[in-house]
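Notes for the structure review
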Amino acid sequence: MCDRPEVGVYLRRQREALGLTQEELAVAALTTVSSLRKWEAGLRNPSPESLVAWCRALDLPDWLQRKVTSLVLADLDTLQVGTWPPAISDDDLDHLEMVTAPAYYLSFPNLDILAANNAARRAVPSLIPAEPTSSRPTNLVEWVMTRPARDLLANWEAAATRLVFLLRVMGPGLVSQQRLDEIFNFCYAQSPRDFTRFFHTDLTKEQTSADLVLVRNPHTGANDQYTYRFLRPVQTMRPYEQLQLVRRRKPVD
């Protein structure tokens, strides 16, 4: 049996959200209904070729295909830092500091903040890494549900919904249930009604790909436009990602 059956469960939900029957999806994925049923039930893992066809038939965004690939193909991609505090080298910290825009190292997909450069500490003083002696790390999803995030982000609701959705979808199977419970319980305690609504909101492919952050400027009162990127070191691969915020040169109306 597949040791990560939640992959099949999630993809079944994706199929149902698209209004597809198993027969229709099997045709689109170039497989048999029998095989598709076993994949969705977690009784068998598809081959790499079948996995790609399955994801494409469901029109999954890249980041979701990445999770599915990691889970099904024997954890080929190490997506998160497994220990706290993290072991980040001085060289890596030096590289982070050379980024002129606000930038962070964070684990993925649980989005624990592991390091921040000085630009990030100045821009968002409420979002800084926890001390290594702390029992648990600072978390981006937790932060976005707090009052400082609400006050800072003009499009707070959209940003919070995206982050909660990302963790809700990416977390199971990659993040321990205990850690997920800690994060979600904290978020619920901050604002039960808002968090419940965000948690039960499903986003489209286009909505999950949105990257605009509107930051209230305390000096001008205007909303400064930023875009963010999750960047992955590839030489040598690191078990964490870099989150970078860059101000738009030409704001969009």
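As a reminder, the structure under discussion sits directly above these lines.
This report concerns the structure included in the present document. None of the values given here were measured: they were computed from a predicted structure.

In this structure the tally under the stated criterion is 16 salt bridges. Between glutamate 16 and arginine 12 there is a salt bridge whose closest N-O contact spans 3.1 Å. Linking glutamate 16 with arginine 12, this pair stays in helix H1 (residues 6-17), spanning four residues, or about one helical turn. For the salt bridge of arginine 136 with glutamate 182, the shortest nitrogen-to-oxygen distance reads 3.7 Å. With a gap of 46 residues between them, arginine 136 in the loop between helix H7 (118-123) and strand E3 (138-139) and glutamate 182 in helix H11 (residues 177-190) connect regions that are remote in the sequence. A relative accessible area of 26% places arginine 136 in the partly exposed class. Judged by relative accessible area, which is 30%, glutamate 182 ranks as partly exposed.

To describe a pair of aromatic rings, you give the distance between the ring centres and the angle between the ring planes. Under the defined criterion, the tally for this structure stands at eight aromatic pairs. With centroids separated by 5.7 Å and ring planes inclined at 40°, the aromatic side chains of phenylalanine 184 and phenylalanine 195 adopt a geometry described as tilted. With a gap of 11 residues between them, phenylalanine 184 in helix H11 and phenylalanine 195 in helix H12 (residues 192-199) connect regions that are remote in the sequence. On the basis of relative accessibility, which here comes to 13%, the residue phenylalanine 184 falls in the buried class.

This part takes up helix H3 (residues 33-40). Of all the positions in H3, only Ser35, Leu36, Trp39 and Glu40 are classed as buried. On an axial view of H3, the arc spanned by its buried residues comes to 130°, and they lie on one face.

With that out of the way, let us pick up the nonpolar core. In this structure, Leu140, Trp143 and Leu153 are the most contacted members of the largest nonpolar core, which totals 56 residues. Considering each element in turn, this core owes the most residues, 10 residues, to helix H10 (residues 156-170). For leucine 140, the contacting residues outside a window of four places in its chain are Leu106, Leu111, Ile113, Leu127, Leu163 and Leu243.

Moving on, we come to the side chain of asparagine 155. Within the fold, asparagine 155 resides in the loop between helix H9 (147-152) and H10. A residue is classified by how much of its surface remains accessible, and asparagine 155, at 16% relative accessible area, is buried. Leave out the neighbours within four places in its chain, and asparagine 155 touches Leu212, Val213 and Leu214.

This part takes up the environment of tyrosine 240. Relative to the elements of secondary structure, tyrosine 240 occurs in the loop between strand E5 (223-231) and strand E6 (241-247). When the C-alpha positions of tyrosine 240 and asparagine 217 are compared, they lie 30 Å apart, and in sequence the two are 23 residues distant. A distance of 2.3 Å separates the side chain of tyrosine 240 from the side chain of aspartate 92, its partner in a polar contact.

With that settled, the discussion passes to the packing of H10 against H12. At a minimum axis distance of 8 Å, the contact between H10 and H12 shows a crossing angle of 60°. For the element pair H10 / H12, the angle class is oblique. Crossing hand, H10 versus H12: right-handed. Contacts from Trp156, Glu157, Ala160, Thr161, Val164 and Arg168 in H10 reach Asp194, Phe195, Arg197, Phe198 and Phe199 in H12.

With 14 residues, H11 ought to run about 20 Å at 1.5 Å a step, and its terminal C-alpha atoms sit 20 Å apart, in line with that. Those residues of H11 that fall on the buried side of the exposure criterion are Arg179, Leu180, Ile183, Phe184 and Cys187. Considered in projection along H11, the buried side chains sweep an arc of 120° and stay on one side of the axis. Residues Gln177, Gln178, Asn185 and Ala189 are exposed on H11 and point more than 90 degrees away from its buried face. As for H11, its buried residues are in contact with strand E2 (112-116), E3, helix H8 (140-144), H10 and H12.

About the cut-offs
Residues numbered from 1 in each chain as written. Predicted model: local features only at pLDDT ≥ 70, side-chain atom pairs only at ≥ 80, totals over all residues. Heavy atoms only, no water. Salt bridge = Lys/Arg side-chain N within 4 Å of Asp/Glu carboxyl O. Helix = DSSP H or I, 4+ residues; strand = E, 2+ residues; numbered from the N terminus. Buried < 20%, exposed > 50% of the residue type's maximum accessible area, 1.4 Å probe, protein only. Phe/Tyr/Trp six-rings, centres within 6.5 Å; stacked < 30°, edge-to-face > 60°. Arc of directions from axis to C-beta. Core = buried A, V, L, I, M, F, W, Y, C linked by side-chain atoms within 4.5 Å. Contact = heavy atoms within 4.5 Å. Polar contact = N/O pair within 3.5 Å; in protein donor to acceptor, adjacent residues only side chain to side chain. Axes fitted to C-alpha atoms, helices over the stretch in contact; angles between N-to-C directions. Parallel < 35°, antiparallel > 145°, perpendicular 65-115°, else oblique. Left-handed = near helix turned anticlockwise from the far one by under 90°. Expected span 1.5 Å × (residues − 1).

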